[in-house]
Structures are given as C-alpha cells and as structure tokens.
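Spelled out, the chains give:
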4 protein chains.
Amino acid sequence: MSVDTLRLVVSSPDRPGIIAAVARFLHERGASIVELDQYTSEPGGGQFYLRTEFTIAPARRAGLAGEFATAIGEPFGMHWRFTDARQVKRIAILASRADHCLVDLLWRWRRGELAADITLVASNHPVLRDTVTGFGVPFHEVPVRHGARDAAEGTLADLLAGQCDLIVLARYMQILSGGFLEKVGVPVINIHHSFLPAFPGAGPYERARQRGVKLIGATAHYVTAALDEGPIIEQDVIRTSHRDTTATLVRLGADVERTVLARAVAWHCADRLLQYDNRVLVF
Amino acid sequence: MSVDTLRLVVSSPDRPGIIAAVARFLHERGASIVELDQYTSEPGGGQFYLRTEFTIAPARRAGLAGEFATAIGEPFGMHWRFTDARQVKRIAILASRADHCLVDLLWRWRRGELAADITLVASNHPVLRDTVTGFGVPFHEVPVRHGARDAAEGTLADLLAGQCDLIVLARYMQILSGGFLEKVGVPVINIHHSFLPAFPGAGPYERARQRGVKLIGATAHYVTAALDEGPIIEQDVIRTSHRDTTATLVRLGADVERTVLARAVAWHCADRLLQYDNRVLVF
Amino acid sequence: MSVDTLRLVVSSPDRPGIIAAVARFLHERGASIVELDQYTSEPGGGQFYLRTEFTIAPARRAGLAGEFATAIGEPFGMHWRFTDARQVKRIAILASRADHCLVDLLWRWRRGELAADITLVASNHPVLRDTVTGFGVPFHEVPVRHGARDAAEGTLADLLAGQCDLIVLARYMQILSGGFLEKVGVPVINIHHSFLPAFPGAGPYERARQRGVKLIGATAHYVTAALDEGPIIEQDVIRTSHRDTTATLVRLGADVERTVLARAVAWHCADRLLQYDNRVLVF
Amino acid sequence: MSVDTLRLVVSSPDRPGIIAAVARFLHERGASIVELDQYTSEPGGGQFYLRTEFTIAPARRAGLAGEFATAIGEPFGMHWRFTDARQVKRIAILASRADHCLVDLLWRWRRGELAADITLVASNHPVLRDTVTGFGVPFHEVPVRHGARDAAEGTLADLLAGQCDLIVLARYMQILSGGFLEKVGVPVINIHHSFLPAFPGAGPYERARQRGVKLIGATAHYVTAALDEGPIIEQDVIRTSHRDTTATLVRLGADVERTVLARAVAWHCADRLLQYDNRVLVF
C-alpha cells in the first residue's frame, strides 16, 4: 500500500496538551508518525514549536487540513502549515561572479541530494551563463547599473514572480531593498562570508586577516531589510594561521561557505526551520 | 506551586499511536511535557524509542507508574521506566594512576555541573588518595595482585554492592570479567583512548603514531564482557601531526578523553542514553 | 626583475649543520628563502627532512642542481629534489560511478585553485563521460571484465604511460595490483571512505552504522600493494547520530571525502608531502 | 654528555641571508638545531620572524648572546632574545569567582604539563582561597572596592612586582588600566568568553543566545589598554543549538575557555608567540 509523507509545522502559545492533541488527531486519521520534534521557549508559559513528519494513506488525506484547523489549530491559537514531502520547493538562485556556492547547489541538485527544483539562476554578470546552462537550468542576466538598482530589482521581481518558493543568494553581491523582499514574498537565504556578528558588511576576509583571528567562517541567514542582521540558520568555521594570505582565506572560506549554504538550503527545503524572534530553530 | 520533574523512557515494538497514547496519558494526569524525543529504527515495523521529560504536581504522582503499566506499558508490550530528576544517580569511580578523567569528574561534580553523587573512588594504586579525599570523597585502595584478579574483583564487588547506580572507569587499567559485571549489576562506562574501532586494546597512542594517523581520539562506551566492543556512547577527535611525539599524543589525548567521558556520564545521568542492539541512542 | 620560484626537498641522516649548509648554499647563489620547514625524527641521530621554497633570478639557475649535488647533497648523503613551482604536475584521475570527488577536483582545477594539469580521466564505467568532457578533459572508458583485471590494467598502464606525474583514485572501485603500481611508476593517491585504520575494505559506512560510531570520516593515502595500508596523508571526520541511515552517512561522508582528497592532492602538487617509513610528513 | 636546550627568537626587517647567517652562527658554535620556523610578512621586503630551538653543550654557552649581538643581531638590525628552556617562566594568575580556568591551569601545572611556575594567585574575592592553597600556591585577596580601582591596582602591582614573568587573567572580572599594565611591565594574557571580535564586552553568552548564533567560542589574547582589542593568540568554538539556555552556554563555554587559555599559556611559556602589528604569530 502506497503512503504519502506529510509534514506538519506548528507554532503556538505554550499550553498543556498540545502534543497529546496533535498526536491523537493524527492517530485517529490513520497517520503514522515518523518523526516528531518539539521545543518550548520557556517551560510553562513560552512559545511552543512542533514539527512532525508522518505517513498517511492517500485516501485519508482528504479534508485533513480543514479538520485540523477546526479541531486543533484554531482552538489552540496556532500558526501551522502542512506540506507534502513530494511537492518539492522551487528555488531561484541569484549569483554574481563567484561560482563556488552556485556550482555546489547545482551539483547537489543534479545528483538528487537536494529535495528541490532549481528553476532559474539570475546574475548581474554574464560570466556564469555557460556553467548554469550546462546543468540544464535557465540563466538570466539582470545587470545592475550604477544608480539604477530600483530598475534592476523591478526586472528581477518580474522574473521571479510565481517562479519560486525560495530565493537563494549564492554570493550575490548586491544589497536587496526591503521593497524587493516584500514584493517577491518568499523567503530569501543568504550566505555571508564571516561568522556573524563578527565582520558584517564587505571584505570580511581582509578584515579577519587584519584582526588576526584564528578562525574564519561563514553564516547562512534569512535576509531581512537590516543588512547581515537576519536570523542565523547555520554557521561553521575553519582554522587559519598567520601564514594564510587574504587570497588563501578566500579560498579556504569558499569551502565553508558552500557547505554551510547547502545545509541551510536543505533544511529549509525539508521544512526543518522555524523562526522565533530573530532566531531560527533547526528541527 | 512546586512541581516535580520526571522522566519516562520507553522501548517498544513500533506500533501506530504510541506517542498519542503516552502524551494523552500524561496530559490527563495533569503532567506538562517539557521535552519529548522519539526514534524508530525502521519506519513502520522496527523498534520504537521515546524519552520525555515532564513536570507534574507532587499530589498527582501517586499511582502514576502503576496506571501507566496497566493503561499503556503492558498493552503496547513496552519496556519502560520512570525516573525522578531529583533522585540523582550514585556514581562509583574506578581509577588507576592517571588523574585527568578522575579529577575532571570530581571537579564537575563539586561545581554542581554533574547531576549525580560521587559516592566513592576505588583504585588499584594508592597514588590518587590525597587527590580524591581533597574533594571529600572516600578513597579505597583495592590492589590487583598478579594472578589474583578474582580476589580483587570480589573485594571490589563487595565494596560497590548497593553503593552505586553507575560505575565509571576513569582510565582504570584492569580488565573486568563478565562475572564481575554481572555481580555488580549496574551499568559500567569506560573511556578508551582511541577512536574505536581503530586501535582497540593497549597502547593506542603509540600505535596511532606508528600508523601515522592525522587524528587521535577517545571513545566512551558501555562495558560488556567483550573488551572494547561495548556500545559506543560518545567519541571525539583532535588533530595531530608528525611533530607530535607519543608523549605529546598522550597529553593532547587526555583533554579529549576527559571531555568525552564527562559528556557520556552526564547523558547517562540525565537518562538520555538508550541501548539498541549494540548501539546507543543519545536523546 | 622577474624571479623563479623553486622548491628543494631533502631527506638525509640527521647531522649537525645541514640547515646552515643548505641556507648558505642558496644565499651564495642569490636565492631568497620564502619558506623553510624542517623535521628530525629523533633529535641528534634520526632522519632529517627539509622543505624550502625560494626565489631566484632565472640567470642564476643554471647549474644550480649540479652544484648542490657536489657541494651538499652527496657529502651529506642526502636524497633531494628540486622542483619548479611553474612546472605543475600532470594528474590522471581514475573514477568509477560516483562523481563527487571527481567533480570537486575538476572544478577546483578549472577555477585555478589546483596548481596542476588534469590530463585525462579514465573509468571502468561510461556514466561520467559527459561530466568529464564538459570540463574539456579527455575521458577514457577502460572496462574491467570479470576475471580480466590484468588485461584492463595493461590497457590502463598503456594509456597512462608518460601522461601523468600523479594518479588520483577518485573513488575508483577497483583494486590495483602491485605490478600495475610498479609499471606506472608515479605516486598514486587514494581516498578511502573511513577514518582508517577503522573499517578498512568495503562497505565502511554500513559497518560504521552497525558499530554505532559517533563520527564518520575519510582518509587520503598513498597507494601501496597492501590494500588500505599505505601511508596516510590526510583525514577528517564528521559527526553522525543514530538518526542517520546508511544512505545519509554516504551523503554526509561524500563531503568529507572530497575535502580530504582535495587537500591531499593540493599538498602533493605543492611538494609538501614527504614519506618517512609508512608515515607522511606534511610541510 | 649533557646538553642545554636554548631558544632564539628573532624579528627583523626581511633581508636575504638571515637564515643562513643564524644557522651558520649556531653551527659554528657547536649548537644543533632541533626546530626552526620562520615567517616573512611579505616576501622580499616585509618583516622577518624566526624561532629556533637548539641544543648546545654547557661549556659552549659562555659569550653566546654577546657574540650573536655583534655578529648577527646588530648588523641585521634585529630584535632578538635567547631563552633557556629550563628557566621556566613564573606565572601570577588573577581570578574572580569562577574557578574553571584557574583550576585547569593549576591542575596542568601540578601534573607537569605546563613548563612554568605558578607563583601566586590573586583575586578580588575570597571564595577560591581553599582551592588555590590546596594546590600549595599562595592566595592573596585584593578586593576592588567601588570607586577605588586605583588603590586596588596599586596593591596588586606591589604584590606582583618582581614575582612573575607573565600574568594570566583566568576570568578576572576587573578591567585593568593602561597605567597598571605599564607598571607591571610583563605580558598579560586574558581569556574572553566569545569568539572575538563578535560580542566584545560583558555578557557574551546572553548576547550570543539572543543573536541566535550556532557556535559559541572563546578567545585568548594579550591585554592592551584597549579593552578586548589586544592581539589574538588562540580561539576555538563549540556548536550550540536553540535548546541551549544561557546557563547551558556558560557551562559549555567553560570547557572551551579553559582549553583555549591553556593552549595560549603553554605557547607563551614555550616562547612560541611573536607579536606582529596587532597579530600574534604562533610558531
């Protein structure tokens, strides 16, 4: 008998009995829980978060979401969403000249490691065209001319409209306006080449070298209107020494950047990320 | 209103509805789930494991365990146990001459970091007596004379009888017999100074150097009658280079050993470890 | 004034004055030492190893190697070699079906990160042909039929003869005979998907899962006739948990494998690796 | 024949022939180089740094330093110093209430792992007295009353005068004035409980939690008059998750702090640290 795999993600004011209510609801509809994770920001009075993955017979899915709303979601005052593991998210990638994060995502996607569809790549430079089309993905050049960011953002927004559920900035070296973020209306993940909040802004490797830090790193975060201050999804670091030039740091850092970004994107696509204040819960 | 914090740990053949049944049972008795983690070895037919930590009013505790047995545990064919977070485990430590793992545990215990009582330390050498008594812990010398392991194990077993819920081998350099393990009847955690299964047995640092490995490590595991083959609880490694002598490896390794052992002991004391075949689940 | 960058790598019985003699020799010929590293296996009587990178005016290079032999190399009983940083090594890669290590090397080579030329890729399967030719590198299919390893090795050896200074096994799933290694006469680097000496041989991820280890890893080593026992160049590990299936371990491990192999190949190409007994010094 | 182990540390404008000159000088005086490491900030025109450890017969030591000055140090315009590995540095430790860094240093010193003498511990609180005296080390309470930092610093400076070659701040929670640093005239190493330059100042764990970082860390640095901006000696990080409370971060961080501080102190005591601008070279 074939089964569907669904996910339910819940955020709610903490109250006794939430897990019991959710688990019972699923059990009574013949669903079988594969995974369930939960977190309470403050035991007995904070915010409650839950993610569960369950299998269910296709015939039992009809009306599931509506019944949940009536029986559980609304009475408990929850935010919630159901997703279907088979309906993978559509990703649009923005890049500039550097190819490491972009190629890494394309390659993981091609080998079936990324449960997502990469629907298009857009760049403010033409240099990555062949690389992208070689993977069978459409490439769009959207130049950003000096003093004409608004026009470029307008072109980009039109291009992306309805084409993606997630935008990934794979070392896209342009700052996106709050207006653009609002207009595209889907989550945006960026990779920053430092272990934020250290070295926000430009040139982090050069500044890391000048400050003499012994670790360099990378940070994947959701993009908000406040530059480099969005909620952090994932971070990692690598050891460095006084022998490493800035060029070496750039090269070493590239390996960390692509790994960290790939993890963040994979978690997002598996509905494992929940935002809580300016933080991200990884379930 | 004061509340008690209890833990419930469950192992069971996987069946639909276990989480719903457990969560409902707790909710109906006024318990509030603080943490709940679960694992199924094989979705839809394997072994099911669950750990939950919950608070409950003292007045509602009476009969809880008995009711659980009747309503949930027996019908589902579970193994289960309730523990009270306040009833900390009593630890007996066995050591030889090396002090690093022993001192680290004693120090963590003194600063309140280890939710446990260290009730006694026994050693086959007298050298650590002052160190141990300086922490206010009784020290017992139980020499192991050549060809007289059985007698020493008998003395040890008498000493430990009823005094501890966990035995920790903090670099105790004697092999314990299956008969001893059976007689003491409590779990035994050992720290091995290599990243098992590499370099089982004696002299791992010397052999690591000869083999030219680039990482050395340590492994905390439950002790079984099969030497160095018990279920692994925790492991970690540290980078090494050709410049490190065996003496340097011993020194570097000591830091990994004490960290790994401390984590394993803390997890055991928080009822976070479940055995599944020859593996350990860390919840 | 343009300068050439050369490297000198020395192995010698330890004797007083080697560094002084080498440094003086270079200084008197107008060379400028950029980097110098040295190691003695046992102070005052072991084996001495030295690697130095220096710049020198092209006009002063004539006769350098010959003068070194007469003045230093032979009197001290050294093994030594000079290399020119600009004469990059030619690499032939052998692969099977898995593309992760192969693509990673090709991509690093294309972006100029690998100071080497990838001259050809050979595989016992046709599946990676398009991937390889997409990078502009010749691809050769050399099938290995059951019971006909010798014939396949003969074909391979003919293909490789004079075409490469280094062979890299990028998850090539065939065992190479001692005879083949001798015939090709260049160093061979392999990536093994475990932290050797744990889990030598086949299926390490499956066995890692069964043994319940908390870390999985990869090992790059020089290939010798003794399977998985050649000198270790580099290793790294990644944390795993009971939740990871064997398929997940394979995927996580792939990231470690490609990083570890890339480091090993880069070090070899920069003449940073010296063999000492069955160990590798990384300078 | 017994030998002495000496170290020579050199900083100099980069010029051709420095290594040759130093190595030849040592060789001609019968010294045998055990280790030699060198770094040039910019090949062919930057600053040159060298550290070498060598053995020499006691009879050949007379006049060594003076001859070096005349023959090498002054002609090359160097800063240099010779140290004797047997003349270990005297360390004074300042602490407040937290014991983890302090106990770790005392314990490493007692087991002979730290090539140094711990001559005294001073604290602005009395609570660590028994801990310190239990290791046989003098303890001095030097309270810092509100508005009377100058007086306290005066007392401290008198206490330390001539008693130490290095001051270690093992979580000493008072800011030291530039005047004090000048008066004591020896290097001061501090451990900061964040991966600087992220979260300088007070309360880094609380701020790390609020910012939602996925790694917490610690930084050992030389103290300068600019708070938390002195040259970084060593750093490390540990992974954290949304489940960790600030209290958990403090506990996890303590393990990183003590490890990082111990490494920094050990390197300083082995004369492995050289300052270059606001950076530290680790040889």
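Numbering of residues begins from 1 in every chain and follows the order in which that chain's sequence is written. Each chain gets a letter, beginning with A, and each ligand a number, beginning with 1, in the order they are written. In keeping with the model being predicted, local features are shown solely for residues with a pLDDT of at least 70 and side-chain atom pairs are shown and tallied solely at 80 or more, while totals for entire chains, interfaces and linings include all residues. Only hydrogens and water are set aside when side-chain values are computed; all heavy atoms of the structure are taken into account.

Engineer: So what exactly am I meant to see when it comes to the sheet that holds strand 4 (residues 79-84) of chain C here?
Structural biologist: Sheet strands pair via backbone hydrogen bonds, and the direction of the pair is either parallel or antiparallel. Residues and elements named next belong to chain C. Two strands pair if DSSP finds at least two bridges between them. Where helices and strands are cited, they refer to DSSP runs of H or I of at least four residues and of E of at least two residues respectively, numbered from the N terminus. Spatially, the four strands line up as an open sheet ordered 2-3-1-4, and their pairing is antiparallel. Every interior strand has two partners, whereas the edge strands, strand 2 (32-40) and strand 4, have only one. The mean inter-strand angle of the sheet, taken between neighbouring strand axes irrespective of direction, is 10 degrees. In this structure, strand 1 (residues 4-13) lies alongside strand 3 (residues 47-56), joined through 10 bridges in antiparallel fashion. Across the sheet, the residue bridging to Thr5 is Thr55, located in strand 3. Residues are treated as being in contact if the distance between any of their heavy atoms lies within 4.5 Å. Angles here are taken between N-to-C directions and fall from 0 to 180 degrees, while the axes themselves are lines fitted to C-alpha atoms, restricted in helices to the stretch in contact. Contacting strand 1, strand 2 and strand 3, helix 1 (residues 18-28) crosses the sheet at an angle of about 15 degrees to strand 3.

Engineer: How do you make sense of the relation of the copies chain D and chain B when you look at a structure like this?
Structural biologist: Taken together, a rotation about one axis and a shift along it account for how the two chain copies relate. A least-squares fit on C-alpha atoms brings the copies together, and the residues used are those whose pLDDT is at least 70 in both copies. Screw-axis analysis of chain D against chain B gives a translation of 0.0 Å along the axis, an RMSD of 0.0 Å, and a rotation angle of 180 degrees. Overall, the copies show the geometry of a two-fold rotation axis. It is Gly134(D) whose C-alpha, among those of chain D, lies nearest the rotation axis, at 4.0 Å. The residues that chain D uses at the interface reappear at the interface of chain B in 100% of cases, marking a shared surface.

Engineer: What am I meant to see in the sheet that holds strand 4 (residues 79-84) of chain B here?
Structural biologist: Residues and elements named next belong to chain B. An order of 2-3-1-4 is seen for the four strands of this open sheet, with the pairing classed as antiparallel. Edge positions in the sheet fall to strand 2 (32-40) and strand 4, since each of these pairs with one other strand and no more. For this sheet, the mean angle separating the axes of adjacent strands, direction not counted, is 10 degrees. Where strand 2 meets strand 3 (residues 47-56), eight bridges bridge the pair, whose relative direction is antiparallel. From the neighbouring strand, Glu35 faces strand 3, where its bridge partner is Glu53. Packing of helix 2 (residues 64-73) onto the sheet brings it into contact with strand 1 (4-13), strand 3 and strand 4, and relative to strand 4 it is tilted by some 155 degrees.

Engineer: What's the story with the interface of chain D and chain B in this structure? I'm lost.
Structural biologist: Buried accessible area, meaning the area lost when the parts come together, often serves as the stated size of an interface. Counting from both sides, the interface comprises 14 residues of chain D and, opposite them, 14 residues of chain B. Taking both sides of the interface into account, the surface hidden between chain D and chain B amounts to around 1,300 Å²; carbon and sulfur atoms contribute 41%. Looking at the side of chain D facing chain B, the largest losses of area belong to Trp107(D), Arg111(D) and Arg258(D), adding up to 34% of the total buried there. The salt bridge definition used is simple: a Lys or Arg side-chain nitrogen within 4 Å of an Asp or Glu carboxyl oxygen. Along the contact surface separating chain D from chain B lie eight salt bridges. Take the accessible area each of two parts loses on contact, using a 1.4 Å probe, and add the two losses: that sum is the buried area.

Engineer: I'm lost on helix 8 (residues 246-269) of chain B in this one. Help?
Structural biologist: Owing to its 3.6 residues per turn, the α-helix aligns residues three or four sequence positions apart on the same side. All names here are of chain B. By this rule the span expected of a helix is its residue count minus one, scaled by 1.5 Å. Helix length check: helix 8 (24 residues) gives 34 Å between terminal C-alpha atoms against 34 Å at 1.5 Å per residue, within 8%. The sharpest bend along helix 8 reaches about 25 degrees and sits at Gly253. At the exit of helix 8 stands Asp271, carrying a positive phi of roughly 55 degrees. A residue's bend is simply the angle between two axes: one fitted to the seven residues ending at it, one to the seven starting at it.

Engineer: Explanation requested: helix 7 (residues 204-211) of chain C in the structure shown.
Structural biologist: Residue and element names in this part refer to chain C. For helix 7, every residue scored as buried is listed here: Pro204, Tyr205, Ala208, Arg209 and Arg211. For helix 7, the buried positions fall inside an angular range of 165 degrees around the axis, keeping them on one side. At the exit of helix 7 stands Gly212, carrying a positive phi of roughly 75 degrees. Only protein chains enter the area calculation, which uses a 1.4 Å probe; residues under 20% of their type maximum are buried, those over 50% are exposed, and those in between are partly exposed. When we speak of the arc, we mean the arc of directions from the helix axis to the C-beta atoms.

Engineer: When you look at the pairing of strand 1 (residues 4-13) of chain A in this model, what are you seeing that I'm missing?
Structural biologist: Remark: a regular strand shows side chains that alternate across the two faces of the sheet. Residues and elements named next belong to chain A. For strand 1, the tally of buried residues reaches eight of 10 residues, placing the bulk of the element in the interior. Bridge analysis of strand 1 against strand 4 (residues 79-84) gives six bridges, and the strand direction is antiparallel. When the bridges of strand 4 are listed, Val9 appears paired with Arg81.

Engineer: Explain the interface of chain A and chain D here, please?
Structural biologist: In this complex, chain A contributes 36 residues to the contact, which on the side of chain D involves 36 residues. Taking both partners together, chain A and chain D bury about 2,900 Å²; carbon and sulfur atoms supply 50% of that area. Between the two partners, chain A and chain D, sit six salt bridges. Note that Asp236(A) is salt-bridged to Arg239(D), the shortest N-O span being 3.8 Å. Grouping the amino acids of the side of chain A that touches chain D by side-chain chemistry returns 16 nonpolar, eight polar and 12 charged. Residue polarity follows a fixed list, in which Ala, Val, Leu, Ile, Met, Phe, Trp, Tyr, Cys and Pro are nonpolar, Asp, Glu, Lys and Arg are charged, and the others, Gly among them, are polar.

Engineer: Whenever I open this one, the UniProt feature "active site" (unreviewed entry) in chain A confuses me. Can you help?
Structural biologist: UniProt positions are given in the numbering used here, feature names are shortened, and annotations may be inferred rather than shown by experiment. UniProt's feature table lists "active site" (unreviewed entry) at Asp228(A), given in the numbering used throughout. Look at Asp228(A) and you get buried, because its relative accessible area is 11%.

Engineer: Looking at this model, I keep getting lost on the domain arrangement of chain A. Mind explaining?
Structural biologist: All names here are of chain A. Here chain A is described as being made up of domain 1 (4-84) and domain 2 (89-282). In this document the domain limits rely on a domain assignment from an automatic tool or a database. Distance between the C-alpha centres of domain 1 and domain 2: 32 Å. Between domain 1 and domain 2, the contact holds 11 residues from the first and nine residues from the second. Summed over both sides, the interface between domain 1 and domain 2 buries roughly 860 Å², with carbon and sulfur atoms accounting for 51% of that surface. On the domain 1 side of the interface with domain 2, the three residues burying the most area are Arg7, Tyr49 and Arg51, jointly 48% of the side's total. In this structure, the connection of domain 1 to domain 2 is made through three salt bridges. Residue Asp271 pairs with Arg81 through a salt bridge whose shortest N-O separation is 3.6 Å. Within 3.5 Å is the distance limit for a polar contact, defined as a pair of N or O atoms, with the added protein rule that one can donate a hydrogen and the other accept it, and that residues adjacent in sequence qualify only through two side-chain atoms. The interface formed by domain 1 and domain 2 holds six residue pairs in polar contact (both at pLDDT 80 or more) in total. Among the secondary structure elements, those contributing two or more residues to the side of domain 1 that touches domain 2 are strand 1, strand 2 (32-40), strand 3 (47-56) and strand 4. Of the residues that constitute the side of domain 1 that touches domain 2, the class distribution is four nonpolar, two polar and five charged.

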